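Coordinate analysis (summary)
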Amino acid sequence: MYTSSNLRLIGAALCGALFLGGCANQLPQRSEHEERVERKLLDHQLQIDAGEPKVLELPQRRVRVHDQKSYEVTAFEVTRRYDRYTPYQAWREIYEVPMGAVAVVAGVGANILNVVLLGSLPETATRDWISYGMAGLNPFMNVESNGRAEQNLASINEVQRDRRMEYINLPWSERPVQVKAGGQEFELLTDSTGVLRLNLLDSPFTEQDIARLNMLQLSVEDRLGDDIARAEATLMVSHTLRGKLREAHDLIFDDLEGDDVAQWVHRVKRLSDLGLEEEASELEQSLIELTRNDPELQDAFLKALLKDAGRLAADPAN
């Protein structure tokens, strides 16, 4: 059973809650508008373009990797409405009540003058002053104040404006590619354009047993949440190329400084004869760079290169 004192306390609490709830001065609602876009992944594929032919006859090959995605894109217009109010602070009544009285008197005077002037005064002088004054005279309500206004989310309304399909084809930029070769597996990175530059005369292939280097297996994988996209490609290494690689490795990587000009020219010419023109040009430029500080030796090399190998070269720095 509730005692009379308990009932009084409960009643006072309820009245206090109702009193405080009625103190808020409601302001006009505020609305926010924005666009929201939902993108739903429908398909995700990776593609490895290893070029042609599938059997390598040269040690270098550019492999291009693409990241392809399909999305369903839905655009919404979102409207949020907020209830705004000025919270009650009792101490403000000290100045709001007298100011309210002044505003009411001014509003009444403005309305009388408006009659004389045939309604030419603006509503801010006739209605707004009276509204402000009545709120100020009310000891249980503060006047409207946008600066102190608080707000609560009243409603959210979403309207679909558009639905379309979106296809994206991006390079596999600076991403890993798994390569299996000669019974070992290692990771190489593509460049910023999604191209992987394979060179069997460069690391890590030079560290493999060339006799076992008969196949390159390339694979890429990407995870987006629960979605896993994967692609694979295979390149065969011809028997002829493996034979060239053994000889070319010695021609390129054996010590250059211990050889004379004739042996340098032989190395460049032999690489060219093997059909490895790109490697021959790179070795040629390396030798030109090596002799840059010895103009006489460089001149002798260039002349011998033209005479014995039929190659016309020059120092790019000159």
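Rules and cut-offs
- Residue indices follow the written sequence of each chain, beginning from 1 at its first position.
- The predicted nature of this model means local features are confined to residues of pLDDT at least 70 and side-chain atom pairs, given and counted, to a pLDDT of 80 or more, with totals for whole chains, interfaces and linings taken over all residues.
- Side-chain figures throughout are based on the complete set of non-hydrogen atoms in the structure, without hydrogens or water.
- A fitted line through C-alpha atoms represents every axis, and for helices the fit uses only the stretch in contact; the resulting angles, taken between N-to-C directions, go from 0 to 180 degrees.
- Numbering goes from the N terminus for both helices and strands, where a helix is a DSSP run of H or I of at least four residues and a strand is a run of E of at least two.
- Oblique is the label for any angle not covered by the other classes, which are roughly parallel (under 35 degrees), roughly antiparallel (over 145) and roughly perpendicular (65 to 115).
- Left-handed describes a crossing whose near helix is turned anticlockwise from the far helix by less than a right angle; the clockwise case is right-handed.
- Here, residues are in contact when the closest pair of their heavy atoms is within 4.5 Å.
- The nonpolar class holds Ala, Val, Leu, Ile, Met, Phe, Trp, Tyr, Cys and Pro. Asp, Glu, Lys and Arg form the charged class, and all remaining residues, Gly among them, are polar.
- At least two bridges found by DSSP between two strands are what make those strands a pair.
- Site definitions follow a grid-based scheme: protein atoms alone, a 1 Å grid, a 1.4 Å probe that fits but cannot get out for cavities, and for pockets an open set with protein on both sides within 12 Å along at least five of seven lines, plus lining residues having an atom within 4 Å of a point.
- Grid points are joined across faces, edges and corners, and a volume is the space filled by probe spheres set on the points.
- As a per-residue measure, pLDDT reflects the predictor's confidence and takes values from 0 up to 100.
- Between the first and last residue of a helix there are one fewer steps than residues, each counted as 1.5 Å, and that sum is the expected span.
- Whether a residue is buried, partly exposed or exposed follows from its accessible area with a 1.4 Å probe, protein chains only, as a fraction of its type maximum: under 20%, in between, or over 50%, in that order.
- Picture the helix axis, draw a direction to every C-beta atom, and the arc is the one those directions span.
- Pairs of N or O atoms within 3.5 Å make up the polar contacts considered here, provided that, within protein, one atom can donate a hydrogen while the other can accept it, and that residues adjacent in sequence are counted only when both atoms are side-chain atoms.

**Brief notes about the packing of helix 6 (residues 261-273) against helix 7 (residues 277-290)**
Look at helix 6 against helix 7: their axes get within 7 Å of each other, and the N-to-C directions meet at 160°. Judged by the inter-axis angle, helix 6 sits roughly antiparallel to helix 7. Taken as a pair, helix 6 and helix 7 cross one another with a handedness that is left-handed. In this structure, helix 6 contributes Trp264, Arg267, Val268, Leu271 and Ser272 to the contact, and helix 7 contributes Glu277, Glu279, Ala280, Leu283, Glu284, Leu287 and Leu290. Taken together, the residues that form the contact of helix 6 with helix 7 break down as seven nonpolar, one polar and four charged.

**Observations regarding the sheet that holds strand 6 (residues 184-189)**
Taken in spatial order, the five strands of this open sheet run 2-9-8-5-6, and their pairing is mixed. Because the sheet does not close on itself, it has two edges, and the strands there are strand 2 (55-56) and strand 6. Both strand 8 (residues 215-224) and strand 9 (residues 227-237) contribute to a ladder of ten bridges, which runs antiparallel. What sits directly across from Leu218, in strand 9, is Ala233.

**A few points about the layout of surface pockets**
Of the voids in this model, the largest pocket is the one considered here, and its volume is about 170 Å³. The wall of the largest pocket is formed by Leu58, Pro59, Gln60, Arg61, Arg62, Arg197, Leu198, Gly275, Leu276, Glu277, Glu278 and Glu279. Contributions of two or more residues to the lining of the largest pocket are made by strand 3 (60-86), strand 7 (195-199) and helix 7. In the lining of the largest pocket, the residues fall into four nonpolar, two polar and six charged.

**Side note on the packing of helix 5 (residues 239-253) against helix 6**
The interhelical angle for the contact between helix 5 and helix 6, taken along N-to-C directions, is 150°, at an axis separation of 10 Å. The angle between helix 5 and helix 6 places the two elements in the roughly antiparallel class. Of the two elements, helix 5 crosses helix 6, and the hand of that crossing is left-handed. In contact with Glu247, Ala248, Asp250, Leu251 and Ile252 of helix 5, helix 6 contributes Arg267, Arg270 and Leu271. Across the contact of helix 5 with helix 6, the residue classes tally to four nonpolar, no polar and four charged.

**Quick look at the confidence of the model for the chain**
Averaged over all residues, the pLDDT of the chain is 83; the fraction at 70 or higher stands at 86%. Within the model, pLDDT remains below 50 along residues 12-22, and this stretch shows three contacts once partners closer than five positions in the same chain are excluded.

**A look at helix 6**
Spanning 13 residues, helix 6 covers 18 Å between terminal C-alpha atoms, matching the ideal 18 Å at 1.5 Å per step. Of the positions making up helix 6, those classed as buried are Val261, Trp264, Val265, Arg267, Val268 and Leu271. Seen from one end, helix 6 has its buried residues packed into an arc of 155°, which puts them on one side. Those residues of helix 6 that are buried are in contact with helix 5, helix 7 and helix 8 (295-309). Two or three places before Ala262, at the opening of helix 6, Asp260 has a side-chain oxygen 3.3 Å from that residue's backbone nitrogen. Residue Gly275 follows helix 6 closely and has a positive phi angle near 85°.

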